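Topology and contacts: notes
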Amino acid sequence: MSYYYRVKKKRFKKEGKEKEQYFAVGKSIRLVELEEIAKEIGSRSIAKDSTIVPVIMELSKIMVERLSSGYHIKFNGIGIFGISITSKGFDKPTDITPKEVKFSKITFRPDPKIVKKLKQIHYEKEPPIPQNIITKKK
């Protein structure tokens, strides 16, 4: 199986000069929903997909509770989730109060085994769209 990519032109400034270059951009096949993942887990284990979905939904709630309390969450074979916070810069450390601190993003550090496997992906350029196919215009 291959991972498809497209070629896109991007404009950016480098050393004060505007520049255009072409880059590879990943092409997602489609979005996989929780129910489909649950069915696949159900077909590979003794658990039924009807019990997997509620368990994962509860996991989502527990993750929010733990992350918002300052915990990192480790799933063996998957990776570690955490949160990143930010604030504006201040001249004195005493100026940083709790109201100045904001949530920035969820962080994820993948398990090294996943990284090793993903580094072995085979890439292929996305095939061109056939001429007689009608597609949506932007």
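Please read all numbers here as calculations on a predicted model, not as lab measurements. (Residues numbered from 1 in each chain as written. Predicted model: local features only at pLDDT ≥ 70, side-chain atom pairs only at ≥ 80, totals over all residues. Heavy atoms only, no water.)

1. Looking at the sheet that holds strand β6 (residues 122–125)
Judged by pairing direction, the sheet is mixed, and its 3 strands sit side by side in the order β2-β1-β6 without closing on themselves. Of all strands in the sheet, those bounded by a partner on one side alone are β2 (17–26) and β6. Across the sheet, the mean angle separating the axes of adjacent strands is 40 degrees when strand polarity is ignored. (Pairing = 2+ DSSP bridges. Helix = DSSP H or I, 4+ residues; strand = E, 2+ residues; numbered from the N terminus. Axes fitted to C-alpha atoms, helices over the stretch in contact; angles between N-to-C directions.)

2. Concerning the confidence of the model for the protein
Averaged over every residue, the pLDDT of the protein is 91; residues scoring 70 or more account for 97%. Looking across the protein, the model is least confident in strand β1 (residues 2–14), with a mean pLDDT of 88, and most confident in strand β3 (residues 73–75), with 97. (pLDDT = per-residue confidence, 0-100.)

3. Quick notes on the environment of Asn-76
Inspection of the secondary structure assignment puts Asn-76 in the loop between β3 and β4 (79–86). For Asn-76, a relative accessible area of 66% puts it in the exposed group. In this structure the C-alpha to C-alpha distance between Asn-76 and Lys-88, which are 12 residues apart in sequence, comes to 35 Å. (Buried < 20%, exposed > 50% of the residue type's maximum accessible area, 1.4 Å probe, protein only.)

4. Focus on the packing of aromatic side chains
As enumerated under the stated definition, the model contains 4 aromatic pairs in all. Chaining the aromatic ring pairs together yields one cluster made of Phe-75, Phe-81 and Phe-108. (Phe/Tyr/Trp six-rings, centres within 6.5 Å; stacked < 30°, edge-to-face > 60°.)

5. A short note on helix α2 (residues 49–68)
With 20 residues, α2 should cover 28 Å at 1.5 Å per step; its first-to-last C-alpha distance of 29 Å lies within 8% of that length. Among the residues of α2, those classed as buried are Ile-52, Met-63 and Leu-67. Buried residues in α2, looked at end-on, bunch into an arc of 30 degrees, giving them a common side. Counted as exposed and oriented over 90 degrees from the buried face of α2: Ser-50, Lys-61, Val-64 and Ser-68. Turning to α2, the residues buried within the fold contact α1 (34–44), β3 and β4. Phi turns positive, to about 100 degrees, at Gly-70, one or two residues after α2. (Expected span 1.5 Å × (residues − 1). Arc of directions from axis to C-beta. Contact = heavy atoms within 4.5 Å.)

6. Considering the pattern of salt bridges
Considering all chains together, one arrives at 7 salt bridges under this definition. In this structure, the salt-bridge partner of Arg-44 is Glu-40, at a minimum N-O distance of 2.7 Å. Linking Arg-44 with Glu-40, this pair stays in helix α1, spanning 4 residues, or about one helical turn. Judged by its relative accessible area of 37%, Glu-40 falls in the partly exposed class. We note a salt bridge from Glu-58 to Lys-61, for which the minimum N-O separation is 3.8 Å. Separated by 3 residues within a single helix, Glu-58 and Lys-61 lie in helix α2, roughly one turn from each other. Within this structure, Arg-6, Lys-27 and Glu-126 form a network of salt bridges that share partners. (Salt bridge = Lys/Arg side-chain N within 4 Å of Asp/Glu carboxyl O.)

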